[in-house]
Amino acid sequence: QVQLVESGGGLVQPGGSLRLSCAASRFPFSRYAMKWYRQAPGKERELVAGITSNGGSTNYADSVKGRFTISRDNTKNTVYLQMNSLKPEDTAVYYCNARWEIPGTFTTYDYWGQGTQVTVSS
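The residue numbers shown here count from 1 along each chain, following its written sequence. Given that this is a predicted model, residues contribute local features only at a pLDDT of at least 70 and side-chain atom pairs are listed and counted only at 80 or more, while totals for whole chains, interfaces and linings are drawn from all residues. With hydrogens and water set aside, each side-chain value is computed from the structure's full complement of heavy atoms.

Draft legend 1. Quick peek at the layout of surface pockets. A volume near 160 Å³ is recorded for the largest pocket. Of the grid points, spaced at 1 Å and generated over the protein atoms alone, those admitting a 1.4 Å probe that cannot get out make up cavities, while open sets with protein on both sides within 12 Å along at least five of seven lines make up pockets; any residue with an atom within 4 Å of a point is treated as lining. The wall of the largest pocket is formed by Arg 38, Gln 39, Ala 40, Lys 43, Glu 44, Glu 46, Ser 63, Glu 89, Thr 91 and Ala 92. Residue classes in the lining of the largest pocket are distributed as two nonpolar, three polar and five charged. Grid points are joined across faces, edges and corners, and a volume is the space filled by probe spheres set on the points. In this count, Pro and Cys sit with the nonpolar residues alongside Ala, Val, Leu, Ile, Met, Phe, Trp and Tyr, while Asp, Glu, Lys and Arg are called charged and the others, Gly among them, polar.

Next comes the structure, spelled out in structure tokens:
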């Protein structure tokens, strides 16, 4: 069974840092683009950051540019989200997503982790 397991969430003061990890198993991780999403209470889930399968390209939501960094280690089947200069508005459940759109087909594989809570508060 496919697994995406997030870790690294917690309570941090404004201005602090956290590093989230998402460990993947039982699927060909290196073929998948990886993304981090977040969902705050009463709000829709939003895309935070994404990284291509080989790590060559990344993108970020405007709200986190310059503060968050997404990276991956295909030898460890893990994607990371380094979060610096955290703000109270970053408080949310953070989810890891793996997606593979097979070229030349209409087949897409899409997996989600269970989420990890990040709370930024003094």
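Next comes the rest of the description.
Draft legend 2. Spatial organisation of the environment of Asn 77. In DSSP terms, a helix is any run of H or I states spanning at least four residues, a strand is any run of E spanning at least two, and both are numbered starting from the N terminus. Examined against the element boundaries, Asn 77 turns out to sit in the loop between strand E7 (68-73) and strand E8 (78-83). For the pair formed by Asn 77 and Phe 27, sequence separation is 50 residues and the distance between their alpha carbons is 9.4 Å. Any two residues having at least one pair of non-hydrogen atoms within 4.5 Å are treated as being in contact. Setting aside residues no more than four positions away along its own chain, Asn 77 makes contact with Cys 22, Ala 23, Ala 24 and Phe 29.

Draft legend 3. Representation of the packing of aromatic side chains in the model. Here is the rule: rings of Phe, Tyr and Trp (six-membered ring for Trp) pair when centre to centre is within 6.5 Å. Planes less than 30 degrees apart are stacked, more than 60 are edge-to-face, and the remainder are tilted. Enumeration over the complete set of coordinates arrives at seven aromatic pairs. Ring centres of Tyr 32 and Trp 100 lie 5.7 Å apart, and the angle between their planes is 55°; on these two criteria the pair is classed as tilted. One end of the pair, Tyr 32, is in the loop between strand E3 (18-25) and strand E4 (33-39); the other, Trp 100, is in strand E9 (residues 92-101), and 68 residues separate them in sequence. Both residues of the pair, Tyr 32 and Trp 100, belong to the buried class. Pairing Trp 100 with Tyr 109 gives two aromatic rings, centres 5.9 Å apart and planes at 25°, and the pair type is stacked. Buried, partly exposed and exposed residues are distinguished by accessible area as a fraction of the type maximum, computed with a 1.4 Å probe on protein chains only: under 20%, between the cut-offs, and over 50%, respectively. Take Trp 100: its relative accessible area is 18%, and that puts it in the buried class. Owing to a relative accessible area of 34%, Tyr 109 belongs among the partly exposed residues under this scheme. Pairwise contacts between aromatic rings join Phe 27, Phe 29, Tyr 32, Trp 100, Tyr 109 and Tyr 111 into one cluster.

Draft legend 4. Structural context of the state of the cysteines. We call a pair of cysteine sulfur atoms a disulfide whenever their separation is within 2.5 Å. Scanning the model with the defined rule gives one disulfide in all. A sulfur-sulfur separation of 2.1 Å characterises the disulfide bridge that pairs Cys 22 with Cys 96. One quick way to see it: the torsion about the S-S bond of Cys 22 and Cys 96 is about -80°, and its sign makes the bridge left-handed. Here Cys 22 is found in strand E3, whereas its partner Cys 96 is found in strand E9, with 74 residues between them in sequence. For Cys 22, a relative accessible area of 0% gives the class buried.

Draft legend 5. Local environment of unusual backbone geometry. Of note in the backbone geometry, Arg 26 takes a positive phi value of approximately 70° without being a glycine. With respect to the helices and strands, Arg 26 occurs in the loop between E3 and E4. We note that Ser 85 has phi near 50°; this positive angle belongs to a residue other than glycine. Relative to the elements of secondary structure, Ser 85 occurs in the loop between E8 and E9. On the accessibility criterion, Ser 85 (41% relative accessible area) is partly exposed.

Draft legend 6. Representation of the pattern of salt bridges within the structure. Salt bridges are defined as contacts in which a side-chain nitrogen from Lys or Arg sits within 4 Å of a carboxyl oxygen from Asp or Glu. In total, this model carries six salt bridges according to the counting rule given. Salt-bridge contacts for Arg 67 lead to Asp 90; the nearest nitrogen and oxygen are separated by 2.8 Å. Placement of the pair is Arg 67 in the loop between strand E6 (58-60) and E7 and Asp 90 in the loop between E8 and E9, with a sequence separation of 23 residues. Across the salt bridge formed by Arg 99 and Asp 110, the nearest N and O atoms sit 3.3 Å from each other. Here the residue Arg 99 occupies a position in strand E9, and Asp 110 occupies one in strand E10 (residues 108-112), the gap between them amounting to eleven residues. Taking the relative accessible area as the measure of exposure, Arg 99 reaches 31% and is therefore partly exposed.

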